[in-house]
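# Report on the structure
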Amino acid sequence: MSDEEKYDALLMNIASQHTGGIHELLDTLFGFFARKTDLYTSPNVNQKPEELILQSFRKWEKVALEKHRKDKAERDEADRVRREKIRRKREEEESIKNDPSSRIVEVTDEEAERITRESAKAKAQKLDSDEQAKAEKDNVVEPSDDNEQNKEEKKEDEDENEEDKGKEKPNSGNGWTGPNYSWTQTLEEIDLRVPINLNVRVKSKDVIVKFERKHLTVGLRGHPPIIDGETFAELKKEDSVWTLDDGKLLHIVIEKSIVNKMEWWSRIVKSDPEINTRKVQPENSKLSDLDGETRGMVEKMMYDQHRREAGLPTSDEQKKQDMLQKFMSAHPEMDFSKCKFN
């Protein structure tokens, strides 16, 4: 701490007690000089009191104006980066919206009938496949034990999902929609939207958004914070940006840190309700935007999720079962009938 800053805490405490603002603070300060010092009457001072005061004022005026200039330049650059990133994101969304492959196309009655037949056939094949998978999983249970077996399976499902009880279902963007804001996510970033429900048009200078490594603050000057808490995981504050749309919507893009880019966030800050990340749909992310290694890991996650939904083992669980089966086949002399495997 420099000599110039060593009294800041004390002076800040004094200033905070002057609710009347700078005029009240200056009146207290010059009243102190009049009551407790000889500033106004000392014969040993070569300059008049007002000249001394103006000399200090002009010295710190230069410092304040230079700091204001630098801060404004930094804010303008950050705002330019924010707007550029939002512009690119909107162009991507617009290009997806205008993609001919996503448009509705008219078909003839014959084509409609063919599509209906193919859809019904696919559903029937899926149903047969699901029934076959369930039969393999049940390992041909005796009919008399069906009710007991179903109860055991239900209990296993309840035990497995015990930690997810009370969690909310993700919205269509794999995020959460709350009363004051909503968000969606990909593996790389969070898209947070905060409506501003005020009767006045808000300007950028009225907005408070602070990104820290593991903390997020969002609000408006003169109002309680809308978000103020520890984030679910670390974020890249230098790559996270915000912009104000028409004075009515605060749009924030939070870049996940590199170490957390393979993790779905269950909430923005720890005071929010949690979503069930088991129900996240990875297909909603742009796999084509990911590098080869990351894309492979995401596709494996998608495959394992579909396997779980079908009641089948994941790829890792299947490997373990195959290894165990090989071991049992290689050692027929050993009795595994009383062994219980998880």
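Summary of the structure given here. Keep in mind the model is a prediction, meaning the values are calculated, not measured.

### Things to note about the packing of aromatic side chains
In the structure shown here, the tally under the stated rule is 4 aromatic pairs. Aromatic side chains Phe32 and Phe33 sit 6.1 Å apart centroid to centroid with 55 degrees between the ring planes, which places their arrangement in the tilted category. Looking at Phe32, the relative accessible area reads 40%, which means it is partly exposed. Their ring planes at 70 degrees and their centres at 5.9 Å tell us that Trp176 and Tyr181 sit as a pair that is edge-to-face. Accessibility assignment for this pair places Trp176 and Tyr181 in one class, buried. Each member of the aromatic cluster is reached from another via a ring pair, and the members are Phe30, Phe32 and Phe33.

### Considerations on the pairing of strand β8 (residues 249-255)
Most of β8 is tucked away: 6 of the 7 residues are buried. Between strand β7 (residues 241-245) and β8, which pair antiparallel and follow one another directly, the connecting turn spans 3 residues, one of which, Asp246, has a positive phi of 55 degrees.

### So, the nonpolar core
The biggest cluster of nonpolar side chains holds 26 residues, and the ones touching the most others in it are Trp183, Leu192, Leu250, Ile252 and Ile254. Apart from the residues within four sequence positions on either side, Ile254 is in contact with Glu188, Glu189, Ile190, Leu192, Phe211, Leu216, Leu235, Ser240 and Ile268.

### What about the sheet that holds β7?
Spatially, the 5 strands line up as an open sheet ordered β1-β2-β3-β8-β7, and their pairing is antiparallel. Either end of the sheet is taken by a strand with one partner, and the two such strands are β1 (176-177) and β7. Bridge count for strand β2 (residues 182-185) against strand β3 (residues 189-195) is 4 bridges, and the pairing is antiparallel. Each bridged residue has a counterpart across the sheet, and for Gln185 the counterpart in β3 is Ile190.

### Here's the deal with unusual backbone geometry
Phi angles above zero are rare outside glycine, and Asn174 is one such case at about 65 degrees. Examined against the element boundaries, Asn174 turns out to sit in the loop between α5 (146-160) and β1. A residue is classified by how much of its surface remains accessible, and Asn174, at 1% relative accessible area, is buried. Phi is positive for Asp246, close to 55 degrees, though the residue is something other than glycine. Take Asp246: it is sitting in the loop between β7 and β8. Residue Asp246 is classed as exposed on the basis of its relative accessible area of 59%.

What counts as what
Residues numbered from 1 in each chain as written. Predicted model: local features only at pLDDT ≥ 70, side-chain atom pairs only at ≥ 80, totals over all residues. Heavy atoms only, no water. Phe/Tyr/Trp six-rings, centres within 6.5 Å; stacked < 30°, edge-to-face > 60°. Buried < 20%, exposed > 50% of the residue type's maximum accessible area, 1.4 Å probe, protein only. Helix = DSSP H or I, 4+ residues; strand = E, 2+ residues; numbered from the N terminus. Pairing = 2+ DSSP bridges. Core = buried A, V, L, I, M, F, W, Y, C linked by side-chain atoms within 4.5 Å. Contact = heavy atoms within 4.5 Å.

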